[in-house]
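Each chain, letter by letter, is given below.
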Amino acid sequence: MFVKKLWWNTQSKTYDIMRKSIMLIAAAMFAGTFALQAAKPKVIAHRGYWNTEGASQNSIRSLVKADSIGCYASEFDVWMTPDNVIFVNHDPTINGVEIQRTPAAEVRKQKLSNGENIPTLEEYLKTAQGLKTRLVLELKTHDSRAREKEAVKKTVEMVKKFGLEDRTDYIVFSKDAFKQYVKAAAKGAKVYFLNGDYVPCQIKFAKGAGIDYSLRVMKKHPEWIKECHDKGLEVNVWTVNEPEDMKWCIEHGVDYITTNEPERLQQMLK
């Protein structure tokens, strides 16, 4: 009887050890899988998803297309006219018309390559209200600090007007505008620096959300990715279009990838 009881206790302990080991292994596998999923960078459509039929860069159509394929966010660029109207366009000019120096009524007449009129920020945000994709608003560098300051104020007010504060991030090349957005944007809004010459500790000190640097800069300073993450900052890389470059970004654990080829990147991430 004693031997039988001893055998049973031994078997019971062995079973408990095996059960606990299996649970630990399963937990580790789950954690590993979760970590891999969490590490996948999010896809940002550069100037919207414009590289598709019927769209053009920074058009309303490109915003809608980015949303339709499930992009995490859609990036776009803005300029302000002398009469303080904000337009969505990448270049400082459209069809030879310089946006910063031309009244809004004249700028508004200009057509994009897909036939749309150049959109105002108000029109763009009104469309975004009915979509799910986040917005990444890039304020282009203006002629003066005063104009940039006014443009920061106007864009933040417009985002608030349309109730998109929790879905809008801001990116800038200008150091002045970067600091102004950090102060003016809604609490919790993310502001990223684009120029590539601030190291992670400077971004942290300035209370930015992270760096949004070109692929060229990030390949030169891949150590900044870990430095940012160690400081609680995020990393976006632009403009990443080739598969080998996408792979490099994924393998280095960046948080976001901005691309003209969002569907290609989505397939790679799958």
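What you see is a predicted model, and the numbers here were worked out from it, not measured in a lab. (Residues numbered from 1 in each chain as written. Predicted model: local features only at pLDDT ≥ 70, side-chain atom pairs only at ≥ 80, totals over all residues. Heavy atoms only, no water.)

1. Notes on unusual backbone geometry
Rules: By the criteria applied, helices consist of DSSP H or I runs no shorter than four residues and strands consist of E runs no shorter than two, each listed in order from the N terminus.
Note that the residue after Trp238, namely Thr239, is joined by a cis bond; omega there is -25°. Take Thr239: it is sitting in the loop between strand 10 (234-238) and helix 10 (243-251). The backbone of Asn84 sits at a positive phi, close to 65°, despite the residue not being glycine.

2. Re the packing of aromatic side chains
Heads up, the rule is: Only Phe, Tyr and Trp rings take part, Trp by its six-membered ring, and two of them pair if their centres are within 6.5 Å. Stacked means planes under 30 degrees apart, edge-to-face means over 60, and tilted covers everything else. The criterion for a charge sitting over a ring is simple: Lys NZ or Arg CZ within 6 Å of the ring centre, and within 35 degrees of the ring normal.
Across all of its chains, the model carries nine aromatic pairs by this definition. Taking 6.0 Å as the distance between ring centres and 80° as the angle between the ring planes, the aromatic pair formed by Phe173 and Trp238 counts as edge-to-face. Placement of the pair is Phe173 in the loop between strand 7 (168-172) and helix 6 (175-184) and Trp238 in strand 10, with a sequence separation of 65 residues. Connected via pairs of aromatic rings, a cluster forms that spans Tyr72, Tyr192 and Tyr256. One Lys or Arg, Lys42, reaches over the ring of Tyr72 and ends 5.6 Å from the middle of that ring.

3. Considerations on the nonpolar core
The condition is simple: Buried Ala, Val, Leu, Ile, Met, Phe, Trp, Tyr and Cys residues form a nonpolar core when they are joined through side-chain atoms within 4.5 Å. Buried residues are those whose accessible area, probed at 1.4 Å on protein chains only, stays under 20% of the maximum for their type, while exposed residues exceed 50% and partly exposed ones sit between those limits. Residue contacts are defined here by distance: any two heavy atoms, one from each residue, within 4.5 Å place the two residues in contact.
Membership of the largest hydrophobic core comes to 56 residues, with the highest contact counts inside it found for Tyr181, Tyr213 and Met218. In terms of residue count, helix 5 (residues 145-161) provides more of this core than any other element does, five residues in total. In contact with Tyr181, not counting residues within four places along its chain, are Leu137, Leu139, Ala151, Val152, Thr155, Val156, Tyr170, Val172 and Val191.

4. Points about the pairing of strand 10
The following threshold applies: At least two DSSP bridges between two strands are required for those strands to pair.
With respect to burial, strand 10 is a largely interior element, four of its five residues being buried. One ladder, built from five bridges, connects strand 9 (residues 210-214) with strand 10; its direction is parallel. Of the residues in strand 10, the one forming a bridge with Tyr213 is Val237. Examined bridge by bridge, strand 10 and strand 11 (residues 256-259) share two bridges and lie parallel to one another.

5. Considerations on the environment of Ile171
Among the structural elements, Ile171 can be located in strand 7. Classification of Ile171 by relative accessible area gives buried; the value is 3%. Ignoring anything within four residues of it in the chain, the contact list for Ile171 reads Glu75, Val136, Leu137, Glu138, Leu139, Tyr192, Leu194 and Asp212.

6. What to know about the packing of helix 4 (residues 121-128) against helix 5
This is how it is decided: Think of each axis as a best-fit line through the C-alpha atoms, taken over the contacting stretch in the case of a helix, with angles from 0 to 180 degrees between the N-to-C directions. Relative orientations are named as follows: roughly parallel for angles under 35 degrees, roughly antiparallel for angles over 145 degrees, roughly perpendicular for angles from 65 to 115 degrees, and oblique for any other angle. By definition, any crossing whose near helix is turned counterclockwise from its far helix by less than a right angle is left-handed, and any crossing with a clockwise turn is right-handed.
In contact at an axis separation of 10 Å, helix 4 and helix 5 are set at 30° when each is read in the N-to-C sense. By the criterion of interaxial angle, the relationship of helix 4 to helix 5 is roughly parallel. Helix-helix and strand crossings are classified by hand; for helix 4 and helix 5 the assignment is right-handed. Within the contact between the two elements, helix 4 uses Leu121, Glu122 and Leu125 and helix 5 uses Thr155, Met158, Val159 and Lys161.

7. A look at the side chain of Gln100
Here is the rule we go by: Polar contacts, as used here, are pairs of N or O atoms within 3.5 Å; protein pairs need one atom able to donate a hydrogen and one able to accept it. Residues neighboring in sequence count only if both atoms are side-chain atoms.
Considering the arrangement of structural elements, one finds Gln100 in the loop between strand 5 (97-98) and helix 3 (104-107). Side-chain polar atoms of Gln100 contact the backbone nitrogen of Asp143, separated by 2.9 Å. Ignoring sequence-local partners within four residues, the contact set of Gln100 consists of Trp79, Met80, Thr81, Pro82, Thr141, His142 and Asp143.

Geometric values such as these leave the question of function open.
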